[in-house]
There are 2 protein chains.
Amino acid sequence: MRIAVVGAGALGLYYGAVLQRAGEDVQFLLRRDYDAVMETGLTVHSINGDFHLANVRGARRPEEIGPVDLVIVGLKTFANDRFPGLIAPLVGEETHILTLQNGLGNEEALAGLFGPDRILGGVAFLCANRGEPGTVYHLGAGRIELGAFAGASSDRVADVAAAFTRGGIDCRVVADLRAARWRKLVWNIPYNGLCALLDQTVDRLQSFPPSRELVRLIMGEVIAAANTQGLNTPIEADFAEQMLVFTDDMGVYRPSMQIDRREGRRLEIDAIFSRPLSAGSAQGVNMPRVDMLRALLAIVDQDTTGVDVTAD
Amino acid sequence: MRIAVVGAGALGLYYGAVLQRAGEDVQFLLRRDYDAVMETGLTVHSINGDFHLANVRGARRPEEIGPVDLVIVGLKTFANDRFPGLIAPLVGEETHILTLQNGLGNEEALAGLFGPDRILGGVAFLCANRGEPGTVYHLGAGRIELGAFAGASSDRVADVAAAFTRGGIDCRVVADLRAARWRKLVWNIPYNGLCALLDQTVDRLQSFPPSRELVRLIMGEVIAAANTQGLNTPIEADFAEQMLVFTDDMGVYRPSMQIDRREGRRLEIDAIFSRPLSAGSAQGVNMPRVDMLRALLAIVDQDTTGVDVTAD
């Protein structure tokens, strides 16, 4: 499969490298890492074993790549206004587009530009950071829950899932992509938000009763909103407790939004906060704590510069 | 009037100095400032004109002072467990105790220890900081709203108010001290809380629409709780808007809790947040944003040391 990776931050570099190693024909749209990757290739330091790709095909502009079978989108969501310029040159008759971005609204934005039938979505559970140019650190997890946004054939979804599986990724096809997105938001909204706001790792929030209780209350608001969205199966009442226990095992983990803030990047407030709030509000669900967290993050986000738009 | 000032931070030093200048017999319970004040007196840099008191009576222990007519309490509220040791030696048959501390519960704590009939409360609208030892900066305002907690005679309240007035303080006797406290909380809860949490001055919150809206929502929760407390006159619906406009004129102002956090002091979470939350909750008022702000402050307060207990 000819694959183009747009938004080659830690997430795009990691999954692209894994797919290339599994035999796919991968090209990376690069900016910061271009020179390093062209000269020395791409190095992945992974909990599953390090590997190096000596020959990696990079491009500075999508026109150098042209139409592919699959575009993998790993851009930071605040850069979604760059979809037309970055993705259109990669799209031909048969091209599918897979967004592995955070939050809500990414599939819809791509569908509006390129038609709904070619859009896939993947909810990525990946802990990875970029290192020096040409290097990515895979620190944990990596599972992807994959689904069609609208009319994509289940054969194509299965093909994409099979490619990830050949690369060693635990990739599961889900019938209800929106349910998968909302279930991830139950984690992302409290932990990304609070860790970024307070510059605290998840273990600090877990171990202090007032913050643990706040996480639980925020999760409750997200679950209440999710369960008005017509998901195939409602999120179960004890999912918040499950997520709290799951997070206890993560140790000193720093969510991506905390890293974004530390590194002066813009925060993904729209996709992770504003769109879920709007979706809940449209169904009459009041989410005061999520709304307050959104406002607090917007205040601290004023001071960021927003130069780096790759997702990780 | 023989007056003892307990908790001689910026607030205690400023009001004590003003009362001494007006002819009252003031003694200060001092710790950090003791040596400087004993050697060179007390200097007030004030927007109303600087002045210096060459002869100031300080003490390190309340037993050195003994019973007085009026104890003025300026301790940080998290040090209220020190009331017995610090105040009991100052209390005789006729002693009254005036707390100028922030938030709720201070009069009640004093009444429980020393009897309700001798307790007065004052809501201080003062912007002051400490400088080097022996020096206090009066940066703005200074008004006091003074009232009896329970059975104190109106003559004694008037005497105390008259002393402040002779010192040049705008001191108003109020019939409903609890209403005055709640009205100040409408300001203190959002601005102290958010400025401390975000380390932003009030003008930053005022000028950014998401934070201005958050301030308004928080004020609305406080007003809703206040109006279930049996105040003589309910807080009017447009009071939040009045406070927002009032705050627009304050410029680059840093509330005391923001200063406390910057200087590594503990935050007055119990008096300013937990007690109003409990009072609202007891009347069935849900205050999700105030509760979330309390939790967020508790998280950041974990990292403070709490060595300095004077109010300012």
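Residues numbered from 1 in each chain as written. Chains lettered and ligands numbered in written order. Predicted model: local features only at pLDDT ≥ 70, side-chain atom pairs only at ≥ 80, totals over all residues. Heavy atoms only, no water.

Overlaying chain A on chain B yields an RMSD of 0.0 Å, the required transformation being a rotation through 180 degrees with an accompanying axial translation of 0.0 Å. On this basis, the relationship between the two copies can be described by a two-fold rotation axis. (Least-squares fit on C-alpha atoms with pLDDT ≥ 70 in both.)

Further remarks concern the packing of helix α11 (residues 269-282) of chain B against helix α12 (residues 288-301) of chain B. Residues and elements named next belong to chain B. In contact at an axis separation of 10 Å, α11 and α12 are set at 150 degrees when each is read in the N-to-C sense. With respect to α12, the axis of α11 lies roughly antiparallel. When the axes of α11 and α12 are compared, the crossing they make is left-handed. Here Ile269, Phe273, Ser274 and Leu277 of α11 lie close against α12, whose contacting residues are Val290, Asp291, Leu293, Arg294, Leu297, Ala298 and Asp301. When its residues are assigned to classes, the contact of α11 with α12 shows 7 nonpolar, 1 polar and 3 charged. (Axes fitted to C-alpha atoms, helices over the stretch in contact; angles between N-to-C directions. Helix = DSSP H or I, 4+ residues; strand = E, 2+ residues; numbered from the N terminus. Parallel < 35°, antiparallel > 145°, perpendicular 65-115°, else oblique. Left-handed = near helix turned anticlockwise from the far one by under 90°. Contact = heavy atoms within 4.5 Å. Nonpolar A, V, L, I, M, F, W, Y, C, P; charged D, E, K, R; others polar.)

Attention now moves to the pairing of strand β2 (residues 25-29) of chain A. All names here are of chain A. Across the 5 residues of β2, 4 count as buried, placing the element largely inside the fold. Across 5 bridges, the pairing between strand β1 (residues 2-6) and β2 is parallel. Bridged to alanine 4 within β2 is glutamine 27. In the classification by handedness, the crossover that spans β1, the intervening helix α1 (residues 10-21) and the parallel β2 is right-handed. (Buried < 20%, exposed > 50% of the residue type's maximum accessible area, 1.4 Å probe, protein only. Pairing = 2+ DSSP bridges. Right-handed = clockwise from strand over helix to strand, strands pointing away.)

Once that is clear, we can look at the confidence of the model for chain A. Low pLDDT means the predicted coordinates in that region are not meant to be read closely. In the predicted model, chain A carries a mean pLDDT of 94, and the fraction of residues at 70 or more is 97%. For this predicted complex, the interface score ipTM comes out at 0.87, while the overall pTM is 0.90. (pLDDT = per-residue confidence, 0-100.)

Residues and elements named next belong to chain A. Examined at the domain level, chain A breaks down into domain 1 (2-174) and domain 2 (179-301). A C-alpha centroid distance of 25 Å is found between domain 1 and domain 2. On the side of domain 2, 18 residues touch domain 1, which itself brings 20 residues to the contact. Across the domain 1/domain 2 interface, buried area totals approximately 1,700 Å², and carbon plus sulfur atoms make up 55% of it. When the buried surface of domain 1 facing domain 2 is broken down by residue, Phe78, Asn102 and Leu104 rank first, second and third, together holding 41% of it. Ionic pairing is found between glutamate 107 and arginine 181, a salt bridge with its closest N-O pair at 2.8 Å. Across the domain 1-domain 2 interface, the total number found is 10 residue pairs in polar contact (both at pLDDT 80 or more). Ranked by residue count, the leading element in the side of domain 1 that touches domain 2 is strand β8 (residues 119-130), at 8 residues. For the side of domain 1 that touches domain 2, a count of residues per class yields 8 nonpolar, 9 polar and 3 charged. (Domains from an automatic or database assignment. Buried area = accessible area lost by both parts, 1.4 Å probe. Salt bridge = Lys/Arg side-chain N within 4 Å of Asp/Glu carboxyl O. Polar contact = N/O pair within 3.5 Å; in protein donor to acceptor, adjacent residues only side chain to side chain.)

Okay, the interface of chain A and chain B next. On the side of chain B, 24 residues touch chain A, which itself brings 24 residues to the contact. A buried area of about 2,100 Å², summed over both sides, lies between chain A and chain B, and 73% of it is on carbon and sulfur atoms. When residues of chain A are sorted by the area they lose upon contact with chain B, Phe208, Met292 and Ile299 of chain A head the list and together hold 29% of the total. The interface formed by chain A and chain B includes 0 salt bridges. At the junction of chain A with chain B, the criterion picks out 0 residue pairs in polar contact (both at pLDDT 80 or more).

Take the packing of aromatic side chains next. Residues and elements named next belong to chain A. Taken as a whole and judged by the stated rule, the model has 8 aromatic pairs over all chains. Ring geometry for tryptophan 187 against tyrosine 253: centres 6.2 Å apart, planes inclined by 55 degrees, an arrangement best described as tilted. In this pair, tryptophan 187 sits in helix α6 (residues 177-198) while tyrosine 253 sits in the loop between α9 (239-248) and α10 (256-262), placing the two residues 66 residues apart along the sequence. Each of the two residues, tryptophan 187 as well as tyrosine 253, counts as buried. (Phe/Tyr/Trp six-rings, centres within 6.5 Å; stacked < 30°, edge-to-face > 60°.)

With that settled, the discussion passes to the environment of proline 67 of chain A. Residues and elements named next belong to chain A. Turning to its location among the elements, proline 67 is positioned in the loop between β5 (57-59) and β6 (68-73). For the pair proline 67 and asparagine 232, spaced 165 residues apart in sequence, the C-alpha to C-alpha distance is 35 Å. With sequence-adjacent residues up to four places away left out, proline 67 is seen in contact with Arg2, Pro89, Leu90, Val91 and Gly92.

Our next topic: helix α5 (residues 154-166) of chain B. All names here are of chain B. The end-to-end C-alpha distance of α5 is 18 Å, a good match for the 18 Å that 13 residues give at a rise of 1.5 Å each. Among all positions in α5, only Val157, Val160, Ala161, Ala163 and Phe164 are buried. Seen end-on, α5 carries its buried residues on one side only, within an arc spanning 155 degrees. Turned more than 90 degrees away from the buried face of α5, the exposed residues are Ser154, Asp155 and Arg166. For α5, the secondary structure elements touched by its buried residues are α1 (10-21), β6 (68-73), β7 (91-99), β8 (119-130), β9 (135-148) and β10 (171-173). Positive backbone phi, at 95 degrees, marks glycine 168, one or two positions downstream of α5. (Expected span 1.5 Å × (residues − 1). Arc of directions from axis to C-beta.)

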